[in-house]
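Chains, contacts and geometry: an overview
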Amino acid sequence: MSEYRIEGATGAWEVVVGLEVHAQVTSHSKLFSGASTKFGAEPNSQVSLVDAAMPGMLPVPNRECIRQAVRTGMAIEAQINKWSRFDRKNYFYADLPQGYQISQLYHPIVGEGSIDVVLDDKDPENSIKTIGIERIHVEQDAGKLMHDQHPTMSYVDLNRSGVALMEIVSRPDMRSPAEVGAYLRKLRSILRYVGSCDGNMEEGSMRADVNVSVRKPGGELGTRTETKNVNSVRFVMAVVEQEARRQVGVIEDGGSIVQETRLYDPDRNETRSMRSKEDAHDYRYFPDPDLLPLELDEAFLAECRASLPELPDAKRHRYENALGLSPYNAGVLTAEVETARWFEALLAATSAKAGKPEAEVAKQAANWLMSELFGALNRLGKSLENSPVSPTAGAELLGLVAKGTISGSIAKQVLERMLETGDGAEAIVTREGLTQTSDSGAIESAVEAVLAANADKVEQYRGGKEALFGFFVGQTMKAMQGKANPQMVNEVVRAKLGASTA
Amino acid sequence: MSVDKATVAKIASLARIRMSDDEVAAMVPELNNILGWVEQLGEVDVSGVEPMTAVIPNHLRLRDDVVTDGRVRDKVLANAPAPEHGFFGVPKVIE
Amino acid sequence: MTDLTNLGVAAIRDGVAAGEFTAREVAEGFNANVAAAQSALNAFIVATPDKALAAADAVDAARASGKPLGKMAGVPIGMKDLFATQGVQTTAASHILEGFVPEYESTVSQKLWDAGAGMLGKLNLDQFAMGSSNETSFFGNVISPWKRNDGGNAGLAPGGSSGGSAAAVSARLCPAATGTDTGGSIRQPAAFVGISGIKPTYGRCSRWGIVAFASSLDQAGPMARDVRDCAIMLEAMAGFDPRDATSLDLPVPAWEAGLNPDMRGLRVGIPREYRMDGMDADVAKSWDNGIAWLRDAGAEIVDISLPHTKYALPAYYIVAPAEASSNLARYDGVRYGLRELPDGAGLQDMYAATRAAGFGAEVKRRILIGTYVLSAGFYDAYYTQAQKVRTLIARDFEAAWAHCDVILAPTAPSAAFALGDKSEDPLAMYLNDVFAVPASLAGLPAMSVPAGLNREGLPLGLQIIGKAFDEQGVLNAGLAIEARARFNAKPEKWW
Ligand SMILES: [Mg+2]
Ligand SMILES: [Zn+2]
């Protein structure tokens, strides 16, 4: 589907990308110890003797971390392995107190699955690409090294040491920075729907190892490099582009790509080789003898499945099919779990207020949310999360429109007033006398007055300048301070102009 | 399979144990002696046999997700060779 | 008044409870013995006489106020220096942990203190429990209190790795001591010095707070003068621990109350593969004695086969070093213990220098073997193959239980050897564990009880191996042997 190409001296090159995403599992305590996972604590204050790998300390796994990995696997319809086990990955580094990371190599908890990504928001149904997921395994995070505090020393903080991660390994199925971005956003969305990871890339809750290679379109796979720990969607996309360009350059200059670990420097927007980690790795994986095999029973799996929420793809389809939303709107409203939650609260309250089924008010609610509220929030520099208008408050406003109490244009004014004052829509409308009038006598006399005051324009209209119709309507609305039922104004203006013509 | 000096040096480096050339040389026959002996395991027909996973039939217990530990920085750092402002100090690492 | 240091666990516990003597008197007696023997036997790495007295005083006070007393009330014991003891240096007999003072107490030692035991000190051992003679300790070898009766003065090995425990109990420096057994480290030293020791089923005793050697094999157990004392102490040590994921979630049986030497209706298996070519004649004879004793106790003797016995030791010498190479990676000079920082050294140089200086030769040898067998390209040929063989060894035992209730075999292929005899030849040393290792690989309870003296006047042990969870059957068979062997020899005091 992707026609993304790097144009080199020898022609076009295709880029092949696979991602290993490390997602921090949402849990109170660490994967194998009872220390807290809270972000931003004093150095080494959230470290147990287990996390510090004191002699004789032993790991005991956290049920919630296992549960969240399983639920995540189920969310991508992956194979759940009822029998898995933990392996030790052995290497020496100052952020790794045990001298090994407890991970899962041979028998991961989640096997093959897939994620559908939408490549064109305007046409979701026809731009879906399926990205294969090879596996998800559970493992420990490492600690943190700080290099700039002392001239000759690095400082070790083990607060993160032992925090549970899911490593989500994709197949090398992506072919462009855009696909990689779409995949990461979708993955992040699923994790947040499931509640297994908060997706907060700034705090390091999600990091990607980016595996990139290039080849002539459709040719044999090239040698890949792995750029480690990239911590924003934008940076991951930049890595793909920069690394692909670099590789094409190397190959076209007659060189060859070395399979290596690289680091991304966002300031220079380039990747560089991590020389310090280049020495031949031999991780000597073997099953952790401190831990028995992890066996999941049916009751556990059933609970995991039952606790899954409606996921973004299913939700999008329901919004389109049952609520009649446009594919674009359905896509926007389901992209983030918070948006969908907000929308559904708004919808339920609006339906109650208006006394109409959800399907009948869904379009109105979606349009209002996407054009009115998003626009207003944008201007205020706020997001739905800290919106001054709640879903019930929004529903109150939409209910007034649905019942014909106020017009759409008055609704805009009311929203502004709601944002300014924090008051409810009904209170504002009553206080400020904004209720729409359907009094035909009042409307007729207003129209007559407008036509009388603009006799010249009436002439022009009758002479064929039909565009003036809107002018008369507008003037009437203005004269009635926007409170006239716009449909009735239209009808009366048309009638009066037509009557005189006849 | 037998090891030579280069292999022993490589293993020692993987295991982060500094060894002089002489120590490496002395270790070669010792390791070969032991490896030669353990290799009799190759005689055993293990077809269809699963490697042992749990020595006594037992299930992995999972614990509840509760914060029960941590907040013991003094204990964590009590034996540190180079404690520095609440951190463990190590020679500067260049990444 | 009798010398209280001639008493064992049960006698001390009962005497203190009955008010025949105070716990303080007992502790003082053993403290004095520990101090007097230290320079000659080197059984302790540190003595903690004040700890022993404080625990004794607490027991005496509890008794005075009529409070219930624990299973080990008033019994001072030695603690193998592989158990982390809060506030008391814990070294695993290594230089790399010299000066390490844990901020925590191992589950097993805590249970013992809770049961009213007191600590006489931390006992010497083979470094990181790797060895069969206690010669790999950074703090010098332990010398067995036993001498050959040939008038020679050769220093003998107390066995290993729980060599300090064995020597101390046998020399009456403590009535009992903790041991750990990875591939025979309780049973072989017990046999070498004429005492009893039991390694329970894997998972009975928590491993939390015990310096790890090989996690899938390590088990703690008691070493004491007789079977009853072992039963009492094991009851105090065992039990479920949520901090050890391999701990067995089972109640602790009342092993002492269940002791019964009557073997009628029970079958004792004699594994034919243990009768090896060139077997030591005295060892063979003591085995035959054991068979006769158990028959006398009413047991039926049956021939059994454990066909993969020959492969147990080589499998062990892959699995144990592999696990050890990883378990010992944490000793890196960053968070505790020794740090060697040569001028200009970077992080990785620091690791290599620290570990070179901090580990002894045998520990390095095993780390290297373990590293090699796990390394890329060799993992399946060595480690996976060894774990498959281990499955076959466990199956051998499973099959045997169709024919017998316990298995009787020698504990070690010889009596104690002289210090230095095998320390130059690692393989010869490893072979000393040939009878002990199969039960370790299968996680089964196994015990050594004294069976008599060889022609040189040195103790020999008999080993009883039981089904998983059947410590009672093992203890009972041990008791039946004990009652007939009437072993009461003790080393003549020369220290
Ligand atoms: Mg990776
Ligand atoms: Zn990972």
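Summary of the structure given here. (Residues numbered from 1 in each chain as written. Chains lettered and ligands numbered in written order. Predicted model: local features only at pLDDT ≥ 70, side-chain atom pairs only at ≥ 80, totals over all residues. Heavy atoms only, no water.)

Overview of the coordination of the zinc ion (ligand 2)
Residues and elements named next belong to chain A.
- Looking at the metal site, the zinc ion (ligand 2) is ligated by His22 (NE2), Glu139 (OE) and Glu167 (OE), spaced 1.9 to 2.1 Å from it.
- As a motif over one chain, the donors of the zinc ion (ligand 2) read H-x116-E-x27-E.
- Between the zinc ion (ligand 2) and the magnesium ion (ligand 1) the interatomic distance amounts to 5.2 Å. With His22 in strand β2 (residues 11-24) and Glu139 in strand β7 (residues 128-140), the pair connects residues that are 117 residues apart, well separated along the chain. (Donors = N, O, S within 2.8 Å, 3.2 Å for Na, K, Ca; no water. Helix = DSSP H or I, 4+ residues; strand = E, 2+ residues; numbered from the N terminus.)

A few points about the pattern of salt bridges
- Applying the stated criterion across every chain, the model contains 65 salt bridges over all chains.
- The shortest N-O distance in the salt bridge between Arg171(A) and Glu112(A) comes to 3.2 Å. With Arg171(A) in the loop between β10 (164-170) and α2 (177-194) and Glu112(A) in the loop between β5 (100-103) and β6 (113-118), this pair connects stretches of sequence that are 59 residues apart.
- Relative accessible area serves as the criterion here: at 47%, Glu112(A) is assigned to the partly exposed category.
- Across the pair Arg207(C) and Asp290(A) runs a salt bridge whose closest N-O atoms are separated by 2.9 Å. Remark: Asp290(A) occurs in the loop between β15 (286-287) and β16 (294-295) and Arg207(C) occurs in the loop between β5 (196-199) and β6 (219-224); the pair is interchain, linking two chains.
- For Arg207(C), a relative accessible area of 4% corresponds to the buried category.
- By sharing partners, the salt bridges in this structure join Arg88(A), Asp288(A), Asp290(A), Arg207(C) and Asp244(C) into a single network. (Salt bridge = Lys/Arg side-chain N within 4 Å of Asp/Glu carboxyl O. Buried < 20%, exposed > 50% of the residue type's maximum accessible area, 1.4 Å probe, protein only.)

Focus: the interface of chain A and chain C
- Contacts between the two partners involve 30 residues from chain A, matched on the other side by 36 residues from chain C.
- Taken together, the two surfaces of chain A and chain C that pack against each other cover about 2800 Å², and 60% of this comes from carbon and sulfur.
- Run the count over chain A and chain C and you get 1 salt bridge.
- Across the chain A-chain C interface, the total number found is 18 residue pairs in polar contact (both at pLDDT 80 or more).
- Elements represented by at least two residues in the side of chain A that touches chain C include exactly β4 (87-90) and β15 of chain A.
- Grouping the amino acids of the side of chain A that touches chain C by side-chain chemistry returns 22 nonpolar, 4 polar and 4 charged. (Contact = heavy atoms within 4.5 Å. Buried area = accessible area lost by both parts, 1.4 Å probe. Polar contact = N/O pair within 3.5 Å; in protein donor to acceptor, adjacent residues only side chain to side chain. Nonpolar A, V, L, I, M, F, W, Y, C, P; charged D, E, K, R; others polar.)

Details of the coordination of the magnesium ion (ligand 1)
- Within the protein, the atoms that donate to the magnesium ion (ligand 1) are Glu20(A) (OE), Asp209(A) (OD) and Glu226(A) (OE), at distances of 2.1 to 2.5 Å.
- Every donor residue of the magnesium ion (ligand 1) comes from the same chain, spaced as E-x188-D-x16-E.

A closer look at helix α7 (residues 337-354) of chain A
- Helix length check: α7(A) (18 residues) gives 25 Å between terminal C-alpha atoms against 26 Å at 1.5 Å per residue, within 8%.
- Summarising the contacts, the buried residues of α7(A) are in contact with α2, α5 (312-321), α6 (327-335), α8 (358-380) and α9 (391-402) of chain A. (Expected span 1.5 Å × (residues − 1).)

With respect to the sheet that holds β5(A)
Residues and elements named next belong to chain A.
- Pairing is antiparallel across the open sheet formed by 3 strands, whose spatial order is β5-β4-β15. Each edge of the open sheet is held by one strand with a lone partner, namely β5 and β15.
- Note that β4 and β15 share 2 bridges and pair antiparallel. Directly across from Arg88, in β15, lies its bridge partner Phe286. (Pairing = 2+ DSSP bridges.)

Topic: the layout of surface pockets
Residue and element names in this part refer to chain A.
- The volume enclosed by the second largest pocket comes to roughly 640 Å³.
- In terms of lining residues, the second largest pocket is bounded by 22 residues, among which Val118, Asp121, Arg185, Gly331 and Ala335 are the most central.
- Counting residues per element, the ones that place at least two in the lining of the second largest pocket are β6, α2, α5 and α6.
- In terms of residue class, the lining of the second largest pocket is made up of 11 nonpolar, 4 polar and 7 charged.
- Residue-level mapping places the lining of the second largest pocket at the junction of two domains, with at least three residues from each of domain 1 (6-294) and domain 2 (310-432). (1 Å grid on protein atoms, 1.4 Å probe; cavity = no way out; pocket = protein on both sides within 12 Å on 5 of 7 lines; lining within 4 Å. Points joined across faces, edges and corners; volume = space filled by probe spheres on them. Domains from an automatic or database assignment.)

Looking at the environment of Ile80(A)
All names here are of chain A.
- Turning to its location among the elements, Ile80 is positioned in the loop between α1 (63-75) and β3 (83-84).
- By relative accessible area, which is 17% here, Ile80 ends up buried.
- Setting aside residues no more than four positions away along its own chain, Ile80 makes contact with Val70, Gly73, Met74, Ile109, Val110, Leu296 and Leu301.

Notes on empty space enclosed by the protein
- In total, this model carries 8 cavities of 30 Å³ or more according to the counting rule given.
- Lining the largest cavity are 17 residues, with Arg85(A), Pro289(A), Thr53(B), Ala54(B) and Ser216(C) positioned closest to its centre.
- No other element matches helix α12 (residues 379-400) of chain C, which puts 3 residues into the lining of the largest cavity.
- When grouped by side-chain class, the residues that make up the lining of the largest cavity number 9 nonpolar, 4 polar and 4 charged.
- If you add up the space inside the second largest cavity, you get close to 90 Å³.
- Residue lining of the second largest cavity: Phe32(A), Ser33(A), Val50(A), Asp51(A), Leu96(A), Pro97(A), Gln98(A), Gln140(A), Asp141(A), Ala142(A), Ser161(A) and Gly162(A), and that is the complete set.
- Looking at the lining of the second largest cavity, its residues break down into 5 nonpolar, 5 polar and 2 charged.

A closer look at the side chain of Ser127(A)
Residue and element names in this part refer to chain A.
- Inspection of the secondary structure puts Ser127 in the loop between β6 and β7.
- What makes Ser127 buried here is its relative accessible area of 7%.
- At 2.9 Å, the side chain of Ser127 forms a polar contact with the backbone nitrogen of Asp120.
- Only 3.0 Å separates the side chain of Ser127 from the backbone oxygen of Asp123, close enough to count as a polar contact.

With respect to the pairing of strand β4 (residues 176-181) of chain C
All names here are of chain C.
- Counted residue by residue, β4 has 6 buried out of 6 residues, so it is predominantly covered.
- Here 6 bridges tie β4 to β6, and the two strands are oriented antiparallel to one another. What sits directly across from Asp181, in β6, is Gln219.

Topic: the interface of chain B and chain C
- The interface is formed by 48 residues belonging to chain B together with 73 residues belonging to chain C.
- At the boundary of chain B with chain C, the tally comes to 17 residue pairs in polar contact (both at pLDDT 80 or more).
- Elements with a contribution of two residues or more to the side of chain B that touches chain C: α1 (5-14), α2 (21-38), α3 (73-77) and β2 (87-91) of chain B.
- Sort the elements by how many residues they give to the side of chain B that touches chain C and α2(B) lands first, with 8 residues.
- Broken down by class, the residue content of the side of chain B that touches chain C amounts to 32 nonpolar, 7 polar and 9 charged.

Concerning the sheet that holds strand β9 (residues 153-157) of chain A
- With respect to topology, 4 strands assemble into an open sheet ordered β8(A)-β9(A)-β2(B)-β1(B), the strand pairing being antiparallel. At either margin of the open sheet sits one strand with a lone partner, and together these are β8 (144-146) of chain A together with β1 (83-84) of chain B.
- Here β9(A) pairs with β2(B) via 4 bridges, running antiparallel. Within β2(B), the residue paired with Val156(A) across the bridge is Phe88(B).

Focus: the environment of Ala35(C)
- If you trace the backbone, Ala35(C) turns up in helix α2 (residues 23-41).
- Sequence separation between Ala35(C) and Thr22(C) is 13 residues, and the spatial gap between their C-alpha atoms is 20 Å.

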